[in-house]
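Structure at a glance
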Amino acid sequence: MEDKPGLAIAIDGPMGSGKSTVAREVARRLGSMYIDTGAMYRAVTVAAIRRGVSADDPAALTALARAITLSFDPPSNGGTRVLIDGEDVTSELRSVRVNQIVAKVARAPGVREVLGALQRSLGSRGTVVMEGRDIGSVILPHAGVKVFLTASMDVRAQRRQMELAASGTPLPLEAVRRIIEEDDRMATTREVAPLRIAPGAVVIDSTALTVGQVVDQIVALAERARGL
Ligand code: DC
């Protein structure tokens with residue numbers, strides 16, 4: 001697909017909705033940039049752990065987010081490798097410790113402000129698929145395509161269990177389900193980024209769909225948005 005004019009595709013959804021897998025594949029199909037905003041919050045968390053900044057100190061976290069430079073390699077694919085001040089930290093993004101405290105880091109308003117500015121700037125550079133929680137609602141409210149991905153609790157737990165196992169943290173399904181329920185609860189009580197369906201978003205329930213079927217639907221929305 002031609003990369004001009006730029007089209008922003010915002011994909012939001014809860015834990016285990018399959019948004020990362022889908023967003024990556026949509027970007028590959030469209031030949032566009034892919035931005036994993038969760039990875040940015042994870043990178044700030046890695047920096048906090050390394051520098052001994054408490055996840056309970058929003059002001060220090062904000063200062064840290066301002067002080068570090070996040071970059072991506074290759075720069076045309078923001079989801080592949082994440083660098084802090086030039087150092088590749090990708091292998092640390094999904095550690096147990098990061099999983100435990102990233103929600104606290106992501107809740108600091110100053111951290112959201114700093115990363116939000118970075119996300120908006122990346123979102124304005126040509127065609128981009130940006131994945132997260134508040135992309136369609138807060139970061140790119142004028143995105144040409146907005147998708148809110150959902151799935152049943154059972155399917156989300158299975159997907160998250162597989163993700164965790166792949167990153168070296170195998171857990172029983174019941175434990176994973178509790179983590180997801182807690183994350184959902186925190187999103188509704190705003191203890192983490194509020195997760196809401198952005199105005200104009202297309203809701204896709206992926207419970208009974210393959211990755212390919214979800215990707216096809218989003219690519220079709222992108223083509224329609226471009227008048228193809
Ligand atoms: O999608 P993920 O698990 O990599 O996200 C990591 C954390 O960051 C998770 O607690 C949700 C949060 N997050 C957020 O608050 N806003 C975003 N746009 C993306 C992720």
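Residues numbered from 1 in each chain as written. Predicted model: local features only at pLDDT ≥ 70, side-chain atom pairs only at ≥ 80, totals over all residues. Heavy atoms only, no water.

On to the pattern of salt bridges, then. For side chains bearing opposite charge, pairing can occur when the charged atoms are close. Counted according to the given criterion, the structure contains 15 salt bridges. In this structure, arginine 50 engages glutamate 92 in a salt bridge whose closest nitrogen and oxygen atoms are separated by 2.7 Å. Linking arginine 50 in helix H2 (residues 37-51) with glutamate 92 in the loop between strand S5 (87-88) and helix H4 (96-106), this pair joins segments that are 42 residues apart in sequence. With a relative accessible area of 29%, glutamate 92 lands in the partly exposed category. Salt-bridge contacts for aspartate 134 lead to arginine 112; the nearest nitrogen and oxygen are separated by 2.9 Å. Here aspartate 134, found in the loop between strand S6 (128-132) and helix H6 (135-139), pairs with arginine 112, found in helix H5 (residues 109-123); they are 22 residues apart in sequence, far enough to count as distant. The network of salt bridges with shared partners includes Arg50, Glu87 and Glu92. (Salt bridge = Lys/Arg side-chain N within 4 Å of Asp/Glu carboxyl O. Helix = DSSP H or I, 4+ residues; strand = E, 2+ residues; numbered from the N terminus. Buried < 20%, exposed > 50% of the residue type's maximum accessible area, 1.4 Å probe, protein only.)

Moving on, we come to the sheet that holds strand S3 (residues 70-73). Across the sheet, which stays open at both edges, the 3 strands sit in the order S3-S4-S5 with antiparallel pairing between neighbours. Each end of this open sheet is capped by a strand with a single partner; those strands are S3 and S5. In this structure, strand S4 (residues 81-84) lies alongside S5, joined through 2 bridges in antiparallel fashion. Across the sheet, residue isoleucine 84 finds its bridge partner in S5, namely glutamate 87. (Pairing = 2+ DSSP bridges.)

Turning next to unusual backbone geometry. Working note: non-glycine residues mostly have negative phi, and peptide bonds are mostly trans. For aspartate 85, which is not glycine, the phi dihedral falls at a positive 45°. In this structure, aspartate 85 sits in the loop between S4 and S5. Classification of aspartate 85 by relative accessible area gives partly exposed; the value is 44%.

Around the ligand, 14 residues are found, and the nearest of them are Thr37, Arg42, Arg112, Asp134 and Ala193. Within the side chain of arginine 112, one N or O atom sits 2.9 Å away from an oxygen atom of the ligand. Separating a nitrogen atom of the ligand from a side-chain N or O atom of aspartate 134 is a distance of 3.0 Å. Among the elements of the structure, H2 and H4 are those that each provide at least two residues to the shell around the ligand. Considering every element that reaches the shell around the ligand, the biggest residue donor is H2, with 4 residues. When the residues that make up the shell around the ligand are grouped by side-chain class, the tally is 5 nonpolar, 3 polar and 6 charged. (Near = heavy atom within 4 Å. Polar contact = N/O pair within 3.5 Å; in protein donor to acceptor, adjacent residues only side chain to side chain. Nonpolar A, V, L, I, M, F, W, Y, C, P; charged D, E, K, R; others polar.)

Turning to the side chain of lysine 146, a few remarks are in order. Mapped onto the elements, lysine 146 comes out in strand S7 (residues 145-150). Of the side chains with opposite charge, aspartate 12 comes closest to the buried, unpaired lysine 146, at an N-O distance of 8.1 Å. Within the structure, lysine 146 has its side chain in polar contact with the backbone oxygen of glycine 136 (distance 3.4 Å). Residues in contact with lysine 146, not counting those within four places in the same chain, are Ala10, Gly136, Leu140, Pro141, Ala198, Pro199, Gly200, Ala201 and Val202. (Lys, Arg positive; Asp, Glu negative; His and termini not counted. Contact = heavy atoms within 4.5 Å.)

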